[in-house]
Amino acid sequence: MTLFFIKKIPDQTNDVWLPEPLYSECNQFESIAFGHELSQCKVRRSKEFATISIGELLWNKLTIPYENKVHVIAHEGILHIGPLIGIFTAGFTGTLLRPIGDRSLFFAKLLSMERKVGAYTFVFGANHINWESGKIKGLFHNSDGWKQFEVPFPNVVYDRLPNRKTESHTVLKSIKTKLQQEYLIPWFNPGFFNKWEIHQIFSAHPEVAHFLPETIANPTMEEIEALFKKYSHIYVKPINGSLGLGIHHIIKPADENAWYCRFRQDDQNYLRKYKSLEALLRHQFKTTHLKGLLAQQGIGLIRYEDKPIDFRIHTNKDESGHWKVSAMAAKVAGIGSVTTHVASGGTVKTIDEIIKLAPLPTDIAPKLEQAVLKMSSILEKEIKGPLGEIGYDVGIDKNGRIWLFEANSKPGRSIFKHPKLRELDQQSRALPISYAVYLTKKAIYEPEVLFNQQRTK
């Protein structure tokens, strides 16, 4: 992968100076593109190594925001520089100090990877788009903080809408449709996953179906009673939930005529006792028919200090469009917590740390990696729109069997607070930009293949 540094020079022509061997390949080219902005140019030979010089007049026509390291994609007489990657989100504050509120630091860290990968990366929302001019007032971040530059429509859009409610907004859905269909811009990670749909997809694939706990959607009390004839505990969770919110752990001890419900509410962990299952369901859920919820088999997880352990695993597409595991860590539940989420008192351990503390097989890491890579390949084929990243919550029972609890298209990043996972944190932030470079090349070299794939899923 060769990256070039592009710089602006005080020249009032449409000249572009290319180093060898790029000049030898492109000396007959007559056009240059930045994002969706295309301009005529005259290619000239430069004596500088790995540096492309662009005259000020042409630089301004292309609306390049600043000097940077980039990829150069030469195809059919057009010199594409960039790529220009837009990250679409919502929740803007209107100030450059913290333009996306509490998520500003997350986006700043994400944008910090652009120079390493070789790209221009910016954040934008609905109000930043000027459809008439074909320009976006994008938010960029560098060592001087947040800056706003007007740039062309991007080569690729990375979807980072914050929640399902925002995602379902009519205006935001229409923007996505317009950029995809009218401007043919690849849009990856297009939506939040529905837990039941994911369960049904995996159930149809024998190579991963054995990782699934028994699960019932919209269960009745009779169906929950049937689950308790098989298992001593179950979980009830929202079909469209995330971040561990709304999960209830229901327990029926064999030696007691009572039912217990563990849950989290108002940042507190609770455990309540009920005389009957019906009383529990009516009090906790206000009904005995759990519409919009899943009932799931409880798993006897491997434990550390009598606290259950599960694993968060991130998979990402790389610069070649292949799935890879970008991060893996163990999460130990907090005292009295229904989940292992850090926000609920859980703690993060590296794989090396947890293998020394808990009775785990020594080869557990490659087994987990193999399992989630299979799942990622299946979801890629079954879900509409390119997928660039997936987060998995996976458990190991006392017999060493792997179980899938959740797959998330916009995984949280709490595991990266562990000091030994900082390098993996950087890798998992760089990979979405690398994948956007791959999609840019695909859209330039094989547009029919890319967009036919999107339509047929």
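Residues numbered from 1 in each chain as written. Predicted model: local features only at pLDDT ≥ 70, side-chain atom pairs only at ≥ 80, totals over all residues. Heavy atoms only, no water.

Draft legend 1. Representation of the packing of aromatic side chains within the structure. According to the stated counting rule, one finds 18 aromatic pairs in the structure shown. Relative to F107, the ring of F106 lies with its centre 5.0 Å away and its plane at 65°, an arrangement referred to as edge-to-face. For F107, a relative accessible area of 0% translates into the label buried. Relative to F153, the ring of W131 has its centre 5.6 Å away and its plane inclined at 80°; by these criteria the two rings are edge-to-face. With W131 in the loop between strand 11 (129–130) and strand 12 (135–142) and F153 in the loop between strand 13 (145–152) and strand 14 (156–159), the pair connects residues that are 22 residues apart, well separated along the chain. Assessed through its relative accessible area of 28%, W131 is described here as partly exposed. Put simply, the rings of F34, Y66, F88, Y120, F122, F124, F140, F149 and W187 touch in pairs and so form one group of aromatic residues. Of note, K252 hangs over the ring of W259, and the distance from its end group to the ring centre comes to 5.7 Å. (Phe/Tyr/Trp six-rings, centres within 6.5 Å; stacked < 30°, edge-to-face > 60°. Buried < 20%, exposed > 50% of the residue type's maximum accessible area, 1.4 Å probe, protein only. Helix = DSSP H or I, 4+ residues; strand = E, 2+ residues; numbered from the N terminus. Lys NZ or Arg CZ within 6 Å of the ring centre and 35° of its normal.)

Draft legend 2. Inspection of the pairing of strand 2 (residues 15–18) at higher detail. Burial along strand 2 is two-sided: D15 and W17 and V16 and L18, pointing in opposite directions, are all buried. Pairing geometry for strand 2 and strand 6 (residues 51–55), over two bridges, is antiparallel. Paired with W17 across the strands is S53, a residue of strand 6. (Pairing = 2+ DSSP bridges.)

Draft legend 3. View of the pairing of strand 18 (residues 248–251). Here strand 17 (residues 233–238) pairs with strand 18 via four bridges, running antiparallel. Across the sheet, the residue bridging to V236 is H248, located in strand 18. Pairing geometry for strand 18 and strand 19 (residues 259–265), over four bridges, is antiparallel. Bridge pairing in strand 19 places H249 opposite R262.

Draft legend 4. Highlighting the side chain of H71. In this structure, H71 sits in strand 7 (residues 68–75). With relative accessibility at 5%, the residue H71 sits in the buried group. Side-chain polar atoms of H71 contact the backbone oxygen of V117, separated by 2.9 Å. (Polar contact = N/O pair within 3.5 Å; in protein donor to acceptor, adjacent residues only side chain to side chain.)

Draft legend 5. Examining the side chain of S409 more closely. By the secondary structure assignment, S409 is in the loop between strand 27 (402–408) and helix 13 (422–445). A polar contact of 2.6 Å, which involves the side chain of S409, links it to the backbone oxygen of G191. With residues up to four places along the chain from it excluded, the contact list for S409 reads N189, G191, F192, F193 and E389. (Contact = heavy atoms within 4.5 Å.)

Draft legend 6. Summary view of the sheet that holds strand 4 (residues 37–40). Strand order in the open sheet made by the eight strands is 4-3-8-7-1-6-2-5, with mixed pairing throughout. Only two strands of the sheet have a single partner each, and these edge strands are strand 4 and strand 5 (42–45). When the angles between neighbouring strand axes are averaged without regard to direction, this sheet yields 30°. The pairing of strand 1 (residues 4–9) with strand 6 spans five bridges and is parallel. Across the sheet, I6 pairs through a bridge with I52, a residue of strand 6. In the packing of helix 13 onto the sheet, contacts are made with strand 7 and strand 8 (78–82), and the angle to strand 7 comes to roughly 25°. (Axes fitted to C-alpha atoms, helices over the stretch in contact; angles between N-to-C directions.)

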